[in-house]
Structure formats: structure tokens, C-alpha cells
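Coordinate analysis (summary)
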Amino acid sequence: MPPQIPHPDPGVPDTRGPLRYIWWLVRCQPWRVLRGSLFGTAWMIGLSVRPYLISRAVDDGLRAGDDAALLLWVAAIVLAGALLAWLGIMRHRTMTFIREDATARSAAVLLRQLARIGAVLPRRLAAGEVATVGGSDISHTSQVLTLTGPGVGAVVAYAVIAVVLWSVSPLLAVCVLLGVPAIALVVGPLLRRLERAESVYRQQQGELTTQAGDIVAGLRVLAGVGGRGLFARRYASRSRGLLAEGYRVGAVNSWIDALAVAIPGLFLAAVVWLAARMAVTGDITIGQLVAVYGYVATLIVPVWFLLEGSYQLIRGRVTAGRIVALLTLVPDDAGGPRESAGPRESVEPRRAGEARRADEPAARPEGGPPATVPPVRPPGIRAAPGRPGDLHDPATGLTVPAGRLVGVAATDPGEADALADRLGRYVPGDVTWGGVPLAAIPLDDVRARILVADHDSYLFAGTLRDVLRGGRVGPRAGRLDDQAGPAGDRGGRLDDQAGPAGDRGGRLGGRAGGAGDRVRLGGGGGRGDEHPAHADDDARLTAGLRAASAEEVVDALPDGLDTPLGTRARTLSGGQRQRVRLARALLAEPEVLILIDPTSAVDAHTEARIAERLRAARAGRTTILLTTSPLLLGHADTVAHLRAGRIVATGTHAELLDRDRGYRALVARDGDAADLDPSAGVEGVLR
């Protein structure tokens, strides 16, 4: 029976070593492997049956002149050939199923692992390395499972032929028994050398694939700065190095392939010569001589399978080791619990006439069953704040008041990234949120309410509409607060349980349809006859695009929002991609949004528009800008200067320009930073 691919549950791989991983692939399909072993063994032994039948036909039919016996043995030979053909088909079919099952299972566990470790992957492994593991390495590892079929059959057939030859002549049997160990002694050193060469080749291949991907991704930039020739020469140089390494692998492999043919041939010649001498002296009959030739000729097949299997095992051990290395990567320790342990803890009762808060359980319907009592949370797990709270990072001394737009200008960009990781709980830290340790809140709740948006985050393939929705589909896709409760209870939480009523300041949806919002929604005519939910979704996307100053990006596309974009949206310019990323982050409407250099690839005029619209779009919700752009910092409620790992000054942009020389030098772009004023827009603001 063919494997059910894809597997609903590929299982938990054994990652204690490459050979253990291969054995796990075998254990995942024991009955299919057993059938493959039986068919492989029967096929291999069947190869040695025909020489025996031929010897009987010669001795009992031809030499004895018995036509009936001759016809009987000829019929047996034909029948054995038909049976052997069927066994060969079933062997190949079963082994193909085994390899395909192993390939699909490896691909599934790798895909699950890639989704699990997330942002850790690009920091630990290069993209080319991952592509190589997910491509050829999986296939080479699956090829090792061929040993479970023809490999087992080769060993059994070798033993059976040795026993049969012993009945003919012990001398011939000894020659056969000593032949394969002699082959192993000759080929063994080459196999070890091949393993070393394969390891180096696979590593260099992954590095070169990564370099090729980087060149393709940055081709426009390279063309703009005249760097295509330089990078082309570097790639050609590394490619020549990989070619030379490939020749070394090929040289060893060619010797193994040559010996796999030459040694069995010499072995066959030696045994046949001995058998012929014995036939001349009368020690064996002519039929037995024919049988011995057939037996030894048949041995070429199992010997070849053993040598080929050894090569596959060496190569598979290398590739399985690379798979195991990827599977053993672990996500960064974010500390604390991961999954939410039931509903939130009880919060203070609401005042009369106040709308039900999102963290409150729904009231019991009249005549309905009693409300479910929330389970007790395990010790150490704390509920997320029921309403927007202040974020505080003790490591730097930064405090972000709830509902405010705070800018952080860091002297070292690495410190800004580390701060974002702590505030988003991507690394352990002592950050508190509304007085609650962030590490004690279930990670799923943190991810649902706090969004860290990098300026170079990944853009998946799909239409622009799907990219902005973040992969959600349906007429109400993108509206993450559809079930947030009563009107006004939509503070932008990703888990649809935002803050108290009225927390809707600056919602992107509320800006849709305004004057000047002329984003082309799609090609092929208007959308006025669509369901109101579709129009509402489009209006919301339009507002998000406007807030990110990305309307012209849509206008320039042939089908507007319905234009397909490839992986990473490489058909767009760097500035266009950055604005699409910003629009996507704004449309997610998180309770806390952390933006890392959101305008680093746009021009000053566009940056000024984004700074003004971003403040309006996020009014009333916590937003943290990690940037040194004076245009963005000038629109922040508060700016903090981060230097040497600590906040050294806070205030408005203008205040810090006055009293903090280091801040003034950090954010200065043209001329004296003291002459900059946020109200002057693009040219920088003179105070």
C-alpha cells in the first residue's frame, strides 16, 4: 500500500545522531520495511535459483538425452524467470514507497521545526544551508533505506550461495566467503575518504547557495552602486572552488564505482578458473560447472548492492547529520510559560453603566446554564494586564507610558535591537507590563498583544491584499477585532480582547474613505456591488496604506491590491517594501507596537508624511519607535536617549536637542543638529 502523504503527524524524530535518525525513519514504517526486506531477499535468492535449474537441465536433460526432463527443467526456468520478474517489480515498488515515505516524513519534521524556531533560523544557519538540507539532503538520507530491502537480500543471498557452493566444493565456497571481506578491505579506506570529501563539499555548496541568494536579492542595489561585477567575480571564484571540491568527490566516487565492477569481475574469473580446473579433473560435473558460473555471476548483483549501499550509507550519514543539526536548533529562551492556562484572573468590578471589559467572562444568558468558573492558574503564571499598562525595562531604565508614542534613539543599533527583543519577550528579561512581570505572562498572550515589527521582516508570496492581511482570508480578513465585544471595545488587541471601552483612538478603519484616499483596490472594474464586509475590509486596508504613505505603491501595480507579489516582494523597491511592512504592522492593530527603523529606506518627503500619519493612526495606543530619524522623533510624545545600555536622557525631541549634545549629534543629518525643529517637516525644523 502506498504511503499516505502528507503525514497527519510525522512523529518525533530521534536526533541523538545521524544513524539514530535514519533508524527512526525505518521504525516509522516497520511493516513496509519488512515487506521490502522479504521481497528483496526473495528476489536476490531467486537470482541463484536459475543457475541451479540450468545445471539440472544440462545434467538430467542434455547429457542424459532425456527430452521430457529437459522440457520440464526448461519450463521451470521460464516459470522462475516470470516469478523473479514479479518479485523485482514488487521489490522496486515497495522500496520506492519506503523512500518516498521517508522523504515526506523528513520534509514534514523539518517544516515543523522551521516554523517552531522562527527568527532563530537566520541567525544560526544560512539560507543556502537550509535550502540544501530541505532539498538534496532529504533525498540522499532516504536513499539509505534501500539497505533495508536489497541490502538485506544481498547479505542473505551471499550466505545462501556460499552454502550451495559448499555442497559442490568446499574450496569454491571458501573462495566466495573470503572474496567479500577482501573487497571491503580495498574499498573501506576510499569510503572514509569519500565521507570527508562529501562533508566539505556539502558545506561549501550551502555557503555558495546562500551567496547566490544574497546576490539575487540585492541585484538592484548592486546595479545601482556598480557592484555587480565585483560580486560576480567573487561568486565565480567560490564557484570554481566548489567545482574543484566536486572533482575531488567525483574522483573518489569514480574509484569506488570502478572497483565495484572490477573486483567482482576478477573474483568471478578466479572462481570460474578454479571450477574449470575441477571439471577437467572430474571433481565436478559439467552441469555443476555451469551452476558455479551462474552462482558466481549472480554474486555480482549482491556485491554491487553492498558496495552501492555502503556509498549511500556514507553519504546519507553526512546528510542526516545536517538534518539533525537543523532539528536540534532550539528557539531563543524567552523565559516563563508559553501557553495560556485558561481565562484571565478576575479584575475589579465595573461601575454601573460601564461596558463589559474584554477580560470579563460573558454574563449568564437568562434561562441558560450557569457560567463556567475559570480554572485556577498554575503557580508562577500571571494574567496579562486587563487594560493597557506601562512597559518598564529595568535593564535600561526605560518606561513607556500606556497609550503614548515614545521614541528611543540608541547610539548603538545593537542595543536598540536588544531592547526590542526584551520588550517583545524574545529573550529573557525583567520587563514588567502594567506591574506584571512580562516573563510570567503566557507567551501566547504576549505575542497576541505586543508586536515587534522589523524594517526588514519577511514578506510571503501572495496578492498585496493577502500580504497586508497577514495571510488571513475571508470577507472580514484583517479585522482582528471582529469578536471584541460591544462597540468601542476594540483596542487593537490581536486576540480580540482589547482594553476598555473607548480605546479606539486613531483606529485605521476609522480613517477609511476620507478625502484623498484614492487607492486602486483591484483590477477589472469597481467593487461597489460587493458584500459590505468586503467594502469595509478594503476601506480598512486603504486606511492602513495611507498611514504608511503606501498609496502610490498600490496605484503603480497593474491590479492594485489584487496584484500577485513574489517571495519577499522583490518586484517592489526597497522603500516600497518597507512601507508595505509598516502598513501590515499597523493593520494588525496590536495593543503595543514596537517599530524598528520603519523609515530607513524611504526618502525624506515620504518619511515626513509617515511621521505625521503614524501619530494619528496610533493615537491612544502604545507605540515605541526605535530610530534616530529626527522627523519621526519630532512627532513622539517622549524621546529617550539610549547610550551604553542605559537611558541617559528623556524629554521631547526639542528638549533633548537643547540639553543633550550626544543626542543632538546622534540625530543630526545635515548641518548643525541644533537647528532642527519637528514642525519644519522635510527640511528639518528650525526652532
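Residues numbered from 1 in each chain as written. Predicted model: local features only at pLDDT ≥ 70, side-chain atom pairs only at ≥ 80, totals over all residues. Heavy atoms only, no water.

**Points about the pattern of salt bridges**
All chains considered together, the criterion is met by 15 salt bridges. Across the salt bridge formed by Arg469 and Asp466, the nearest N and O atoms sit 3.7 Å from each other. Separated by three residues within a single helix, Arg469 and Asp466 lie in helix 13 (residues 464-469), roughly one turn from each other. For Asp466, a relative accessible area of 29% gives the class partly exposed. Between Arg615 and Asp637 there is a salt bridge; the shortest N-O distance is 2.5 Å. A residue pair is termed long-range when its members are at least 10 positions apart, and Arg615 in helix 17 (residues 604-617) and Asp637 in the loop between helix 18 (630-633) and strand 11 (638-643) qualify at 22 residues. When its relative accessible area of 35% is taken as the criterion, Arg615 is described as partly exposed. The exposure class assigned to Asp637 is buried, which follows from its relative accessible area of 18%. Three or more residues joined by partner-sharing salt bridges are found here, namely Arg32, Asp101 and Arg105. (Salt bridge = Lys/Arg side-chain N within 4 Å of Asp/Glu carboxyl O. Helix = DSSP H or I, 4+ residues; strand = E, 2+ residues; numbered from the N terminus. Buried < 20%, exposed > 50% of the residue type's maximum accessible area, 1.4 Å probe, protein only.)

**Focus: the packing of aromatic side chains**
Counted by the stated rule, this structure contains two aromatic pairs. On the numbers, 5.6 Å between centres and 35° between planes, the contact of Tyr21 with Trp24 is tilted. In this pair, Tyr21 and Trp24 both sit in helix 1 (residues 18-27), three residues apart, roughly one turn of the helix. Trp24 carries the same exposure label as Tyr21, and that label is buried. A ring pair is formed by Phe39 and Trp86, whose centres lie 5.9 Å apart and whose planes are at 80°; its orientation type is edge-to-face. Of this pair, Phe39 sits in helix 2 (residues 30-62) while Trp86 sits in helix 3 (residues 67-117), placing them 47 residues apart in sequence. Of the residues examined, Trp86 reaches a relative accessible area of 45% and is grouped as partly exposed. (Phe/Tyr/Trp six-rings, centres within 6.5 Å; stacked < 30°, edge-to-face > 60°.)

From the geometry alone we can't say anything about function, so treat these as descriptive.
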